[in-house]
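Remarks on the overall topology
Each chain, letter by letter, is given below.
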Amino acid sequence: MRNKLLRLFASFLAIILISCTSEEIQRNALVSDVYVSGSKASHATYWKNNILSPLADVGFSSSSADSLIVRNNDIHILGTGYIGGNVKTLYWKNNVLTNLTDTFSTSTEIATICSMDVDNNDVYFAGIIQDISVIPNTYALVYWRNGVKYIVDSFTTEPVHLICIKVNNNTIYVTTNEAYYVNGINYPSTDFICGVNSSSTDVYLYGRSYVSSVLGSSFYKSIGTNVQTNLPSIYVPIYKMCFDNGDVYAVNELNVYKNGVILYTTPNNFGIESFDFKNNSLYLLNLHASNSVNQSQIILKDGVTLMQTTSDEIFTSLFVD
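Residues numbered from 1 in each chain as written. Predicted model: local features only at pLDDT ≥ 70, side-chain atom pairs only at ≥ 80, totals over all residues. Heavy atoms only, no water.

1. Points about the nonpolar core
In this structure, Leu-68, Ile-77, Ile-113, Phe-125 and Trp-144 are the most contacted members of the largest nonpolar core, which totals 28 residues. Only strand S2 (43-48), strand S4 (62-71), strand S5 (74-83), strand S6 (86-93), helix H2 (100-104), strand S8 (109-119), strand S9 (122-131) and strand S10 (138-145) provide two or more residues apiece to this core. Leaving out residues up to four positions away in the same chain, Phe-125 has contacts with Leu-78, Tyr-91, Leu-100, Phe-104, Ile-113, Ser-115, Met-116, Val-142, Tyr-143, Trp-144 and Ile-165. By size, the runner-up hydrophobic cluster in this structure holds 19 residues, among which are Tyr-173, Ile-193, Cys-194 and Leu-205. (Core = buried A, V, L, I, M, F, W, Y, C linked by side-chain atoms within 4.5 Å. Buried < 20%, exposed > 50% of the residue type's maximum accessible area, 1.4 Å probe, protein only. Helix = DSSP H or I, 4+ residues; strand = E, 2+ residues; numbered from the N terminus. Contact = heavy atoms within 4.5 Å.)

2. Digging into the side chain of Ser-198
In this fold, Ser-198 is placed in strand S16 (residues 192-198). Note on Ser-198: relative accessible area 13%, which makes it buried. A distance of 3.2 Å separates polar atoms of two side chains, one belonging to Ser-198 and the other to Asn-168. With residues up to four places along the chain from it excluded, the contact list for Ser-198 reads Lys-166, Asn-168, Val-203 and Phe-243. (Polar contact = N/O pair within 3.5 Å; in protein donor to acceptor, adjacent residues only side chain to side chain.)

3. Things to note about the pairing of strand S1 (residues 34-40)
Note on strand geometry: in a regular strand, side chains alternate between the two faces of the sheet. The buried count for S1 comes to 6 of 7 residues, which makes it a mostly enclosed element. The pairing of S1 with strand S28 (residues 313-320) spans 7 bridges and is classified as antiparallel. Bridge pairing in S28 links Ser-37 to Ser-317. Both S1 and S2 contribute to a ladder of 6 bridges, which runs antiparallel. By the bridge assignment for S2, Ser-39 is matched with Ala-44. The antiparallel hairpin formed by S1 and S2 contains 2 residues in its connecting segment, where Ala-41 sits at a positive phi of about 55°. (Pairing = 2+ DSSP bridges.)

4. Topic: the layout of surface pockets
Empty space within the largest pocket amounts to approximately 1,400 Å³. For the largest pocket, the lining is made up of 49 residues, of which Ile-69, Met-116, Asn-197, Tyr-206 and Lys-240 are closest to its centre. Breaking the lining of the largest pocket down by element, the ones donating at least two residues are S4, S5, S8, strand S12 (164-168), S16, strand S20 (240-244), strand S24 (270-278) and S28. Examining the composition of the lining of the largest pocket, we find that 8 residues originate from one element, S8, more than from any other. Among the residues forming the lining of the largest pocket, the class breakdown is 23 nonpolar, 16 polar and 10 charged. (1 Å grid on protein atoms, 1.4 Å probe; cavity = no way out; pocket = protein on both sides within 12 Å on 5 of 7 lines; lining within 4 Å. Points joined across faces, edges and corners; volume = space filled by probe spheres on them. Nonpolar A, V, L, I, M, F, W, Y, C, P; charged D, E, K, R; others polar.)

5. Details of the pattern of salt bridges
Per the stated rule, a full pass over the model turns up 7 salt bridges. Here Glu-313 and Lys-40 are joined by a salt bridge, their closest N and O atoms 3.0 Å apart. One end of the pair, Glu-313, is in strand S28; the other, Lys-40, is in strand S1, and 273 residues separate them in sequence. Between Asp-247 and Lys-258 there is a salt bridge whose closest N-O contact spans 3.9 Å. Of the two residues, Asp-247 is situated in strand S21 (residues 247-251) and Lys-258 in strand S22 (residues 255-258); the sequence distance between them amounts to 11 residues. Salt bridges sharing common partners tie together Lys-40, Asp-312 and Glu-313. (Salt bridge = Lys/Arg side-chain N within 4 Å of Asp/Glu carboxyl O.)

6. What to know about the sheet that holds S2
Overall, antiparallel pairing links the 4 strands, which are arranged S3-S2-S1-S28 in an open sheet. Looking at strand neighbours, the two that pair on one side only are strand S3 (51-54) and S28, the edges of this open sheet. If you compare each strand with its neighbour and ignore which way they point, the axes differ by 25° on average. (Axes fitted to C-alpha atoms, helices over the stretch in contact; angles between N-to-C directions.)

Nothing here speaks to function; it is geometry throughout.
Below you can see the structure in the form of structure tokens.
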């Protein structure tokens, strides 16, 4: 009898341990790492879960980390650096620095890099090439895949450098402010496009729509269905989108929208500078200004402050993994 009771107790204990372990795994799976790019003391850095990691920038008088993507445990950062009065586009992969301006420019072409995406282990950049070998200069909209250049379109005058790239299911989407390209095919737009992003099932453009010659509203548009959602914010464009559990999130300086409905409105003296949504939690990079002198930036998770800048720090973007 005693042995039978011991066996029953051992089985019961094993069930409890397995159950607890399963619940612990589920809880851990929902824990998100919060990355913030920016600068400290005028030099590029990023923070992971509020832990600062300076970025290599030897030779540059100042630098900034401007955007950040984490893929397959690799940290990709696009930023800028200043050297001898010149601005260079910089790229770090796991803190290994590449000067993209010098790498992608030639004796006859000047490269301006505007956007980055990472798909599996492939790294993409998009920007403008200025051909200085001819007068007047000509320009090309291009992207680089693992350092190899591909021309998307050509121009006789310099286009606006509001360029974005997104790779989805081996299809390459590149946007300018007045058109989007799908594998190099040009689709002109009457709206002002700020960028492009994709969920697991669709690709979206976003920006400011022109509902008259003067007024405009925030918008995002499904490329797959051609359905456009206009949002009631005059003049203010949607500048970022993300997706979580089948829901569509979009943000402008004033509001966060969930499936086209306002989810969050910034308080007075605040402005939304970046956002992300992961595991049913809203992450915000907000500017807080009590007056023109006292300004700071804060990172919020569901309204709770995770980080706040000090006097020598600047936050530029937010990424939740």
